[in-house]
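Chains, contacts and geometry: an overview
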Amino acid sequence: MSVLVINSGSSSLKYKLLEPASGQEYASGLVEKIGDTEGIITHIVDDNKTVLTFPIADHSQALEQALRLFDTHGPDLHAQGKQAIQAVGHRIVQGGMYFSEPTIIDDEVEQHIEELIPLAPLHNPAHLAGIRVARQLLPDIPHVAVFDTAFFHSLPKASYTYAIDRNIAAKYQIRRYGAHGTSHAYVSDKVARFLRNDQLKQIVLHIGNGASASAVINGKAVETSMGLTPLEGLVMGTRCGDIDPTVVFHLYREAGMSIDEIDDLFNRGSGLKALAGDNDMRAIKERMDHGDEIAHDAVDVYVHRIAIYIGSYTAIMGGLDTITFTAGIGENSDVVRSLVINKLAPFGVFLDEKKNKEPSKEARIISRDDSSVKVLVVPTNEELSIARQSIKAIN
Ligand code: ADP
């Protein structure tokens, strides 16, 4: 039994064919530089890697070409019996008010995803293109939409409400939707299983290129740092996260920048890239090791913001049992983990530095036994979560 998971990003498309129960991967691939003069498709089956480069106009063509690679290089997407694909799971960034759980895709679902484009202008059009081609080329398999916002549908009103005119908010659907929900759901569930305790007050820090924090009580999300869009919250690779909205007015009025230019500045030209000149934490760390002050200052801002969220989430949950790091930086940067957790020493939270430094791909505890809060590293696996949710939706 297997599920094909499709994740169309703004300029790339990732896919994975995997077994939802065990997580075994049969094939994976990545289409990059969609819309550029030279696109790249990498298709991996077991240890065999096929790389093709040619212009790929859009996401429809990207998926069409990727599915063609399954025909020529396997595995067979049309296999019957034991090898048959049970579902195609599509990652969708924005489900708005329409979707609170994984949903089998029909024309009406497609239409809702289209209506939500203003709330996810970079992502939802790419998702739609992927859905349309996949439904056309794999018409006999159920297609399931798994929404990044779904885990945060349970947020309390006090969390999702922005303090602006109610009528304007309702008319334009302005509220906190959150994002990265699939990862926060997967990781918080994994923590509960790992500790054999589903009555936990958890903070999950998904810090990769995009970054978000969530507060989870007994498996339900009660707060998250991303808002109407994935721009709000933590400092990210190229996004600024929290900022006084007046900066927009100021740049518009005083610097003569257009709204689109400011949008681009905040989403693609800010964060670590703006502060350190680089959004790769490995390179930033290397520079810190050589005494680079700019790199140091950038990481200070980065860590400071995370600490603010840990403090406020502990306050709104009325306590804290676990802090879990995940995603590219969270899973790999012992330095960032250490800088964050060292700020919490006055509250009795302590890392075991030896455990923190040991590289591992497994879920693990990295705090000392006497720490008041357990600190963990849990590798996220959004594709596996999407595959499992897709199977749940069709049964
Ligand atoms: P995305 O949001 O694009 O899915 P990822 O979760 O893959 O991002 O995270 C990418 C980030 O992880 C980059 O900033 C990269 O520098 C960082 N990263 C990956 N490996 C390491 C490492 N060994 N040490 C520090 N940072 C790392």
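Residues numbered from 1 in each chain as written. Predicted model: local features only at pLDDT ≥ 70, side-chain atom pairs only at ≥ 80, totals over all residues. Heavy atoms only, no water.

**Remarks on the pattern of salt bridges**
Per the counting criterion, the structure on display carries 19 salt bridges. A salt bridge links Arg 68 to Glu 64, with the nearest nitrogen and oxygen atoms 3.9 Å apart. Placement of the pair is Arg 68 and Glu 64 together in helix α1 (residues 59–73), with a separation of four residues, close to one helical turn. Take Arg 68: its relative accessible area is 45%, and that puts it in the partly exposed class. A residue is classified by how much of its surface remains accessible, and Glu 64, at 32% relative accessible area, is partly exposed. In this structure, Arg 193 and Asp 189 form a salt bridge, with 2.8 Å as the shortest nitrogen-oxygen distance. Placement of the pair is Arg 193 and Asp 189 together in helix α6 (residues 181–194), with a separation of four residues, close to one helical turn. Taking relative accessible area as the criterion, Arg 193 reaches 59% and is therefore assigned exposed. Through salt bridges with shared partners, one network takes in Asp 107, Glu 110, Glu 114, Arg 132 and Arg 135. (Salt bridge = Lys/Arg side-chain N within 4 Å of Asp/Glu carboxyl O. Helix = DSSP H or I, 4+ residues; strand = E, 2+ residues; numbered from the N terminus. Buried < 20%, exposed > 50% of the residue type's maximum accessible area, 1.4 Å probe, protein only.)

**Focus on the domain arrangement of the protein**
Under the domain assignment, the protein is made up of domain 1 (2–147) and domain 2 (196–382). The C-alpha centroid of domain 2 is placed 29 Å from the C-alpha centroid of domain 1. (Domains from an automatic or database assignment.)

**Some words on empty space enclosed by the protein**
Per the stated rule, a full pass over the model turns up one cavity of 30 Å³ or more. Approximately 40 Å³ is the volume attributed to the largest cavity. The residue makeup of the lining of the largest cavity includes at least three contributed by each of domain 1 (2–147) and domain 2 (196–382). (1 Å grid on protein atoms, 1.4 Å probe; cavity = no way out; pocket = protein on both sides within 12 Å on 5 of 7 lines; lining within 4 Å. Points joined across faces, edges and corners; volume = space filled by probe spheres on them.)

**Remarks on the sheet that holds strand β6 (residues 85–92)**
The mixed open sheet is built from eight strands, whose spatial order is β5-β4-β3-β2-β1-β6-β8-β7. The open sheet has two free edges, formed respectively by β5 (48–54) and β7 (103–104), since each of these has just one partner strand. As paired strands, β7 and strand β8 (residues 143–147) are joined by two bridges and run antiparallel to one another. Across the sheet, Thr 103 pairs through a bridge with Ala 145, a residue of β8. α1 contacts β1 (2–8), β2 (13–18), β3 (25–32), β4 (39–45) and β5 of the sheet and is inclined by roughly 35 degrees relative to β4. (Pairing = 2+ DSSP bridges. Contact = heavy atoms within 4.5 Å. Axes fitted to C-alpha atoms, helices over the stretch in contact; angles between N-to-C directions.)

**Focus on the layout of surface pockets**
Space inside the second largest pocket adds up to approximately 890 Å³. Those elements giving two or more residues to the lining of the second largest pocket turn out to be α6 and α15 (382–394). The dominant element in the lining of the second largest pocket, judged by the number of residues it contributes, is α6, at nine residues. Residues that form the lining of the second largest pocket fall into these classes: ten nonpolar, eleven polar and eight charged. Composition of the lining of the second largest pocket by domain shows at least three residues from each of domain 1 (2–147) and domain 2 (196–382). (Nonpolar A, V, L, I, M, F, W, Y, C, P; charged D, E, K, R; others polar.)

**Some points on the site of the ligand**
In the vicinity of the ligand, the residues found are Gly 208, Asn 209, Gly 210, Asn 279, Asp 280, Met 281, Arg 282, Ala 327, Gly 328, Ile 329, Asn 332 and Ser 333. Within the backbone of Ile 329, one N or O atom sits 3.4 Å away from an oxygen atom of the ligand. Taking 580 Å² as the accessible area of the ligand by itself, protein coverage stands at 66%. Of all the secondary-structure elements, those providing two or more residues to the shell around the ligand are α10 (281–289) and α12 (327–332). The biggest single contributor to the shell around the ligand is α12, with four residues. Of the residues assigned to the shell around the ligand, the class counts are three nonpolar, seven polar and two charged. (Near = heavy atom within 4 Å. Polar contact = N/O pair within 3.5 Å; in protein donor to acceptor, adjacent residues only side chain to side chain. Areas by Shrake-Rupley, 256 points an atom, 1.4 Å probe, with all protein chains shown as cover.)

**Re helix α2 (residues 107–115)**
Taken as a whole, α2 has its buried residues at Val 109, Glu 110, His 112 and Ile 113. Down the axis of α2, the buried side of the element spans an arc of 160 degrees, and every buried residue falls inside it. Of the exposed residues in α2, those oriented more than 90 degrees away from the buried face are Asp 107 and Glu 108. Close packing links the buried residues of α2 with β6, β7, α3 (124–137) and β8. (Arc of directions from axis to C-beta.)

**So, the packing of helix α11 (residues 293–317) against helix α13 (residues 334–342)**
One way to put it is that α11 packs onto α13 with a least axis distance of 9 Å and a crossing angle of 50 degrees. It follows from the interaxial angle that α11 and α13 lie oblique. For the pair α11 and α13, the crossing hand works out as right-handed. On α13, the residues touching Val 299, Tyr 302, Val 303, Ile 306 and Ile 310 of α11 are Val 336, Leu 339 and Val 340. (Parallel < 35°, antiparallel > 145°, perpendicular 65-115°, else oblique. Left-handed = near helix turned anticlockwise from the far one by under 90°.)

**Description of the sheet that holds strand β10 (residues 211–217)**
In spatial order, the strands read β11-β10-β9-β12-β14-β13; together these six strands make up an open sheet with mixed pairing. Of all strands in the sheet, those with a lone pairing partner are β11 (220–224) and β13 (364–365), marking the two edges. Of the pairings in the sheet, the one linking strand β9 (residues 201–207) to strand β12 (residues 322–326) comprises five bridges and is parallel in character. The partner of Leu 205 across the bridge, within β12, is Phe 325. The strands that α6 touches are β9, β10, β12, β13 and β14 (374–377); relative to β9, the one it contacts most, it runs at about 130 degrees.

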